[in-house]
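Chains, contacts and geometry: an overview
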Amino acid sequence: MPASPEALRDVAIANRILAHEGVVDSFGHVSVRHPDNPERYLLSWARAPELIEASDIVEFTLDGEGLDLGERRPYGERMIHGAIYEMRPDVGAVIHNHSYDVIPFASTGTPLRPVMHTCGVIGEHIPVWDIRDRFGECDHLVVTMDQGRDLAEGLSDRPIALMKRHGCVVVGKTLQEAVMRAVYLQVNARLQLQAMHLGTPDYLTPTEIEACTATQLSPLGLERTWEAWCRRAMP
Ligand code: MN
């Protein structure tokens, strides 16, 4: 069954939001699991996120075959999405980005931890996956299901994994949740670096992370941010 116009529109909006908030540049992508078929996901063809419209969204099988792709080229790294949906039935949306604020942590391996309450959604422990460990020196792109599954294993049951010298993957139950997490991952990276310049950051405790995440991912938090980000991205 083809996805509803609303589902396609939401993926386009998520792309625009992430571009507008600086989380993605001309690279990076966001997908949602097909609302009516867990074995499929919805992702744009290989277009820059800030330009994406609902008509650009394509239905993919979990192993990366575009069903209504036509002559359009798919993203080389779409396997990231299928491999995570395959391994994580709890995941409804996947974001891959190269946020410039996050890269210093992905480069050094310095742990990224929540420095303020709205950033609790990034979780207590963010694993760092390195393509080199299994695939050696390469262009760092995740282009095979084998590589995608290795990354999904690195992510494990977490909401975020950093990708060494590359970027990160961020997941959520819903598109809104994944976007919230990706935006605040970037905010946290910026603030944590600033805090480290001044002294030793006083991080949220595991109990506080749980409480702050519940608040931030409540309808109160999700609806308020989504509405504002939509308005900013699509005036
Ligand atoms: Mn990438």
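Scroll up to find the structure this text is about.
The structure reproduced in this document is the subject of the present report.

About the criteria used
Residues numbered from 1 in each chain as written. Predicted model: local features only at pLDDT ≥ 70, side-chain atom pairs only at ≥ 80, totals over all residues. Heavy atoms only, no water. Helix = DSSP H or I, 4+ residues; strand = E, 2+ residues; numbered from the N terminus. Rg over C-alpha atoms; globule rule 2.2 N^0.38 Å. Buried < 20%, exposed > 50% of the residue type's maximum accessible area, 1.4 Å probe, protein only. Contact = heavy atoms within 4.5 Å. Areas by Shrake-Rupley, 256 points an atom, 1.4 Å probe, with all protein chains shown as cover. Lys, Arg positive; Asp, Glu negative; His and termini not counted. Charge placed at Lys NZ, Arg CZ, Asp CG, Glu CD. Donors = N, O, S within 2.8 Å, 3.2 Å for Na, K, Ca; no water. Axes fitted to C-alpha atoms, helices over the stretch in contact; angles between N-to-C directions. Parallel < 35°, antiparallel > 145°, perpendicular 65-115°, else oblique. Pairing = 2+ DSSP bridges. Phe/Tyr/Trp six-rings, centres within 6.5 Å; stacked < 30°, edge-to-face > 60°. Salt bridge = Lys/Arg side-chain N within 4 Å of Asp/Glu carboxyl O. Core = buried A, V, L, I, M, F, W, Y, C linked by side-chain atoms within 4.5 Å. Polar contact = N/O pair within 3.5 Å; in protein donor to acceptor, adjacent residues only side chain to side chain.

This part covers the overall build of the protein. Counting its regular elements, the protein contains 8 helices and 7 strands. Its C-alpha atoms give the protein a radius of gyration of 17 Å, within 12% of the compact-globule value 18 Å for 235 residues. In the protein, buried positions account for 53% of the 235 residues. Of the contacts made within the protein by residues no fewer than 6 positions apart, 67% connect residues no fewer than 24 positions apart. For the protein, the exposed surface amounts to about 11,000 Å²; the carbon and sulfur share of it is 53%. Side-chain charges in the protein split into 22 positive and 33 negative, and the spacing between the mean points of these groups amounts to 3 Å.

Another aspect to go through is the coordination of the manganese ion. Note on the manganese ion: its protein donors are Glu 77 (OE), His 96 (NE2), His 98 (NE2) and His 166 (NE2). The metal-donor distances range over 2.1 Å. Here the donor residues of the manganese ion share one chain and are spaced in sequence as E-x18-H-x1-H-x67-H. Of this pair, Glu 77 sits in the loop between strand 3 (57-61) and helix 2 (79-87) while His 96 sits in strand 4 (residues 93-97); the two residues are 19 residues apart in sequence, bridging distant segments of the chain. A relative accessible area of 0% places His 96 in the buried class.

The geometry of helix 1 (residues 5-20) relative to helix 8 (residues 219-233) is characterised by a closest axis approach of 9 Å and an angle of 75° between their N-to-C directions. In terms of orientation, helix 1 lies roughly perpendicular with respect to helix 8. Taken together, the residues of helix 8 that come into contact with helix 1 (itself represented by Asp 10, Ile 13, Ala 14, Arg 16, Ile 17 and His 20) are Trp 226, Trp 229, Cys 230, Arg 232 and Ala 233.

This brings us to the sheet that holds strand 2 (residues 40-44). Pairing within the open sheet is mixed, and its 7 strands lie in the order 3-2-1-4-7-6-5. Two strands close off the open sheet at either side, each with one partner strand: strand 3 and strand 5 (128-129). As paired strands, strand 4 and strand 7 (residues 167-172) are joined by 5 bridges and run antiparallel to one another. Of the residues in strand 7, the one forming a bridge with Ala 93 is Gly 172. On the sheet, helix 6 (residues 175-198) packs against strand 1 (29-33), strand 4, strand 6 (160-163) and strand 7 and is oriented at approximately 145° with respect to strand 7.

Inspection of every chain in the model, using the stated rule, returns 3 aromatic pairs. Taking 5.6 Å as the distance between ring centres and 35° as the angle between the ring planes, the aromatic pair formed by Tyr 41 and Tyr 85 counts as tilted. One end of the pair, Tyr 41, is in strand 2; the other, Tyr 85, is in helix 2, with 44 residues separating them in the sequence. No difference in accessibility class separates Tyr 41 from Tyr 85, as the two residues are buried. Ring pairs connect the aromatic residues Tyr 41, Phe 60 and Tyr 85, which therefore count as one cluster.

Turning our attention to the pattern of salt bridges. When their charged atoms lie close together, side chains carrying opposite charge are able to pair. This model, assessed by the stated rule, comprises 13 salt bridges. When the shortest N-O distance is used, the salt bridge between Arg 9 and Asp 10 registers 3.3 Å. Overall, the relative accessible area of 44% leaves Arg 9 in the partly exposed class. Of the charged contacts in the structure, one is a salt bridge between Arg 181 and Glu 177, with a shortest N-O distance of 3.2 Å. Of the two residues, Arg 181 and Glu 177 both sit in helix 6, 4 residues apart, roughly one turn of that helix. Across the pair, exposure class does not vary: Arg 181 and Glu 177 are buried alike.

A word on the nonpolar core. Membership of the largest hydrophobic core comes to 67 residues, with the highest contact counts inside it found for Leu 18, Ile 84, Leu 162, Val 179 and Leu 185. Per-element tally for this core: the top contributor is helix 6, with 9 residues. Not counting residues up to four positions away in its chain, the partners in contact with Val 179 are Ala 14, Ile 17, Leu 18, Ile 95, Trp 226 and Trp 229.

Along the chain, Pro 5 falls in helix 1. With relative accessibility at 59%, the residue Pro 5 sits in the exposed group. C-alpha separation for the pair Pro 5 and Thr 205, spaced 200 residues apart in sequence, amounts to 41 Å.

Once that is clear, we can look at the side chain of Asn 188. On the secondary structure map, Asn 188 appears in helix 6. Residue Asn 188 is classed as buried on the basis of its relative accessible area of 0%. Within polar-contact distance, the side chain of Asn 188 engages the backbone nitrogen of Val 115 at 2.8 Å. Apart from the residues lying within four places of it in its own chain, the contact partners of Asn 188 are Leu 112, Arg 113, Pro 114, Val 115, Met 116, Cys 119 and Ile 122.

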